Amino acid sequence: MPADESKCVLDVYLSYRHRSVDLAASIVGCRAQAEDLVHDAFVKIALTHRPELEIRHPLAYFLQVVRRLAIDTMRQRNIRKTSDIADQGLEILLADPLTPELHTSGREELDAVEQALAALPARTRRAFEMKRFEGLKLREIAIALDISVVRASQLINDALLACQNVLDSADPRT
């Protein structure tokens, strides 16, 4: 990086550091982490910039690098959180082995839910299956069944309520 361009990026870093930290903090929610991200952005620009490329708008460029680093940090945080939840679930399963009684109870509940779903009107059952098993969005379900999005939501809620009622009636605690 030429000395004058290096100075330009350094000037932007020093002059707009607080603004950059505010931007990063608004995304990551932690001012200390935002400070680190702003510093990382400056270092990244300083190390990766090629001399033959001119930075026409150094402030906009710097803020964009800060913003993207902050978003990447949030994505990594969400991925870690998801894997932590999965690890916790696995630990719970391994720590609490399924007894024959719990297995039988769970199987009976599953059979009751299957019977409740089979007793539903075909369109209600299909809407529920599309949402829960196929992972479709309400809009996609509405198009497939030729109904409104609100009606698709109602059908799914009806199916959920039927399943919940069956499970509540089977629960010995109530």
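Residues numbered from 1 in each chain as written. Predicted model: local features only at pLDDT ≥ 70, side-chain atom pairs only at ≥ 80, totals over all residues. Heavy atoms only, no water.

**Q** I'm lost on a positive patch on the surface in this one. Help?
**A** On the surface, K131, R132, K137 and R139 cluster together to form a positively charged patch. Assignment of secondary structure puts K137 in the loop between α6 (122-132) and α7 (138-145). You can call K137 exposed: its relative accessible area is 54%. (Patch = residues over 30% accessible without salt bridge, like charges linked within 9 Å, V, L, I, M, F, W, Y side chains within 5 Å. Areas by Shrake-Rupley, 256 points an atom, 1.4 Å probe, with all protein chains shown as cover. Salt bridge = Lys/Arg side-chain N within 4 Å of Asp/Glu carboxyl O. Lys, Arg positive; Asp, Glu negative; His and termini not counted. Charge placed at Lys NZ, Arg CZ, Asp CG, Glu CD. Helix = DSSP H or I, 4+ residues; strand = E, 2+ residues; numbered from the N terminus. Buried < 20%, exposed > 50% of the residue type's maximum accessible area, 1.4 Å probe, protein only.)

**Q** I tried to follow the packing of aromatic side chains on my own but got confused; where do I start?
**A** By convention here, two paired aromatic rings are described through the distance between centres and the angle between planes. All told, the structure shown has 3 aromatic pairs when counted by the stated rule. Ring geometry for Y13 against F42: centres 4.6 Å apart, planes inclined by 25°, an arrangement best described as stacked. In this pair, Y13 is assigned in helix α1 (residues 3-15) and F42 in helix α3 (residues 31-48), connecting sequence segments 29 residues apart. Each ring, one from F128 and one from F133, has its centre 5.9 Å from the other, and the planes form 85°; the classification is edge-to-face. Overall, the relative accessible area of 7% leaves F128 in the buried class. (Phe/Tyr/Trp six-rings, centres within 6.5 Å; stacked < 30°, edge-to-face > 60°.)

**Q** I keep staring at α7 and nothing clicks. Help me out?
**A** Given 3.6 residues to a turn, an α-helix orients residues that are three or four positions apart in the same direction. Of all the positions in α7, only I141, A142 and L145 are classed as buried. One side of α7 carries all its buried residues, which in axial view fall inside an arc of 100°. In α7, the exposed positions angled more than 90 degrees off the buried face are occupied by R139, I143 and A144. Downstream of α7 by a residue or two, D146 has a phi angle that is positive, lying close to 55°. (Arc of directions from axis to C-beta.)

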